[in-house]
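Secondary and tertiary structure notes
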Amino acid sequence: ETGVTQSPTHLIKTRGQQVTLRCSSQSGHNTVSWYQQALGQGPQFIFQYYREEENGRGNFPPRFSGLQFPNYSSELNVNALELDDSALYLCASSLGAGPGNTIYFGEGSWLTVV
Amino acid sequence: KQEVTQIPAALSVPEGENLVLNCSFTDSAIYNLQWFRQDPGKGLTSLLLIQSSQREQTSGRLNASLDKSSGRSTLYIAASQPGDSATYLCAPLSYNTDKLIFGTGTRLQVFP
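Residues numbered from 1 in each chain as written. Chains lettered and ligands numbered in written order. Predicted model: local features only at pLDDT ≥ 70, side-chain atom pairs only at ≥ 80, totals over all residues. Heavy atoms only, no water.

With that out of the way, let us pick up the overall build of chain B. When helices and strands are tallied, chain B shows 0 helices and 10 strands. Sequence-ordered secondary structure for chain B, helices as α and strands as β, is β-β-β-β-β-β-β-β-β-β. Relative to its length of 112 residues, chain B is compact, with a C-alpha radius of gyration of 13 Å against a globular reference of 13 Å. If one aligns the C-alpha atoms of chain B with their principal axes, the spans along those axes are about 45 × 25 × 20 Å. Counting the 112 residues in chain B, one finds 45% classified as buried. Sequence separation of 24 or more characterises 54% of the internal contacts of chain B that already satisfy a separation of 6 or more. Carbon and sulfur atoms make up 46% of the accessible area of chain B, which totals about 5,200 Å². (Helix = DSSP H or I, 4+ residues; strand = E, 2+ residues; numbered from the N terminus. Rg over C-alpha atoms; globule rule 2.2 N^0.38 Å. Buried < 20%, exposed > 50% of the residue type's maximum accessible area, 1.4 Å probe, protein only. Contact = heavy atoms within 4.5 Å. Areas by Shrake-Rupley, 256 points an atom, 1.4 Å probe, with all protein chains shown as cover.)

What follows is the structure, encoded as structure tokens:
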């Protein structure tokens, strides 16, 4: 149990729709990162939020966007869904954005786009 | 650009064996390296975090070593058990970035 909770756990969307995934970070953690994990692959970094500001972004198109709220919870929004967006989306939190901080992952949200 | 390779991709062993999982990375300018475990359909569980100044870290039956200059890390699992069956992922954290770069993992199966 890492203290990072994600919702929903599973969802199915149609190509072209929009989706919002939610994450509650571990208590006291002000940094949240999002990763996409396709089947059989390692997770890939989408972006990170530190104290409500975007603090780094991976190689994902602008239709992937996010928010971090004052309580440090976070949302990942994906617009104009494509079939290749089907994946496990993982949220991770840490105490601070710098190195030396262990990163804790949630159980993920499984997204299927049909 | 950091690239991470894990060998072997899959491993099936009888209970009780001592195991070695290998991780190599191309950019040695890293802050630290973290090993994770992932059960099927689940999230990642952090096992060990090794800072770049450290050579190894131990937790129970797990021991991870880091040779930053050669771009290698090794996870040793002593006296393996069926409950160790999972995918093991390594991820270095490079300078000037706040993202972990993952390999594709080693899928371990330990049978009774």
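Past the structure itself, the notes keep going.
Here the focus is the sheet that holds strand 8 (residues 72-77) of chain B. The pairing of strands in a sheet happens through backbone hydrogen bonds and is either parallel or antiparallel. All names here are of chain B. Read from one edge to the other, the open sheet built from 5 strands follows the order 1-3-8-7-6, with strand pairing classed as antiparallel. Across the chains shown, the open sheet's two edge strands, defined by having one partner strand only, are strand 1 (4-7) and strand 6 (56-59). Shown here is a sheet whose adjacent strand axes are inclined to one another by a mean of 15°, direction ignored. With 4 bridges joining them, strand 6 and strand 7 (residues 62-67) adopt antiparallel strand pairing. Bridge pairing in strand 7 places Ser 59 opposite Leu 62. (Pairing = 2+ DSSP bridges. Axes fitted to C-alpha atoms, helices over the stretch in contact; angles between N-to-C directions.)

All names here are of chain A. Read from one edge of the open sheet, 4 strands run 1-3-8-7, paired in antiparallel fashion. The strands lining the two open edges of the sheet, one partner per strand, are strand 1 (5-7) and strand 7 (64-68). On average, each strand axis in the sheet is inclined to that of its neighbour by 15°, with strand direction left out of account. In terms of strand pairing, strand 3 (residues 19-24) meets strand 8 (residues 74-78) through 5 bridges, oriented antiparallel. Among the inter-strand pairings, Arg 22 is bridged to a residue of strand 8, identified as Glu 75.

A few words now on the pairing of strand 7 of chain A. Residues and elements named next belong to chain A. Residues Phe 64, Gly 66 and Gln 68 line the buried face of strand 7, whereas the alternating positions Ser 65 and Leu 67 sit on a face that is not buried. Bridge analysis of strand 7 against strand 8 gives 5 bridges, and the strand direction is antiparallel. If you follow Gln 68 over to strand 8, its bridge partner there is Ser 74. In this structure, the hairpin formed by strand 7 and strand 8 is closed by a connection of 5 residues, where Tyr 72 is found at a positive phi of approximately 75°.

Bringing the packing of aromatic side chains into the picture now. Applying the stated criterion across every chain, the model contains 9 aromatic pairs over all chains. Between Phe60(A) and Phe64(A), the ring centres sit 5.1 Å apart and the planes meet at 65°, which makes this aromatic pair edge-to-face. Both residues of the pair, Phe60(A) and Phe64(A), count as buried. When the centroid spacing of 5.6 Å and the interplanar angle of 45° are considered together, the rings of Phe36(B) and Phe102(B) count as tilted. Within this pair, whereas Phe36(B) is found in strand 4 (residues 30-38), its partner Phe102(B) is found in the loop between strand 9 (86-94) and strand 10 (106-111), the two being separated by 66 residues in sequence. Both residues of the pair, Phe36(B) and Phe102(B), belong to the buried class. Three or more aromatic residues link up through ring pairs in this structure, and these residues are Tyr35(A), Phe45(A), Phe105(A), Phe36(B) and Phe102(B). (Phe/Tyr/Trp six-rings, centres within 6.5 Å; stacked < 30°, edge-to-face > 60°.)

With 20 residues of chain B in contact, the opposing surface of chain A contributes 21 residues. Buried surface at the junction of chain B and chain A, summed over both partners, amounts to about 1,600 Å²; 57% is from carbon and sulfur atoms. The interface formed by chain B and chain A contains 0 salt bridges. Within the residue set of the side of chain B that touches chain A, elements represented by two or more residues are strand 4, strand 5 (44-51) and strand 9 of chain B. Sorting elements by how many residues they give to the side of chain B that touches chain A places strand 4 of chain B first, with 5 residues. Looking at the side of chain B that touches chain A, its residues break down into 8 nonpolar, 9 polar and 3 charged. (Buried area = accessible area lost by both parts, 1.4 Å probe. Salt bridge = Lys/Arg side-chain N within 4 Å of Asp/Glu carboxyl O. Nonpolar A, V, L, I, M, F, W, Y, C, P; charged D, E, K, R; others polar.)

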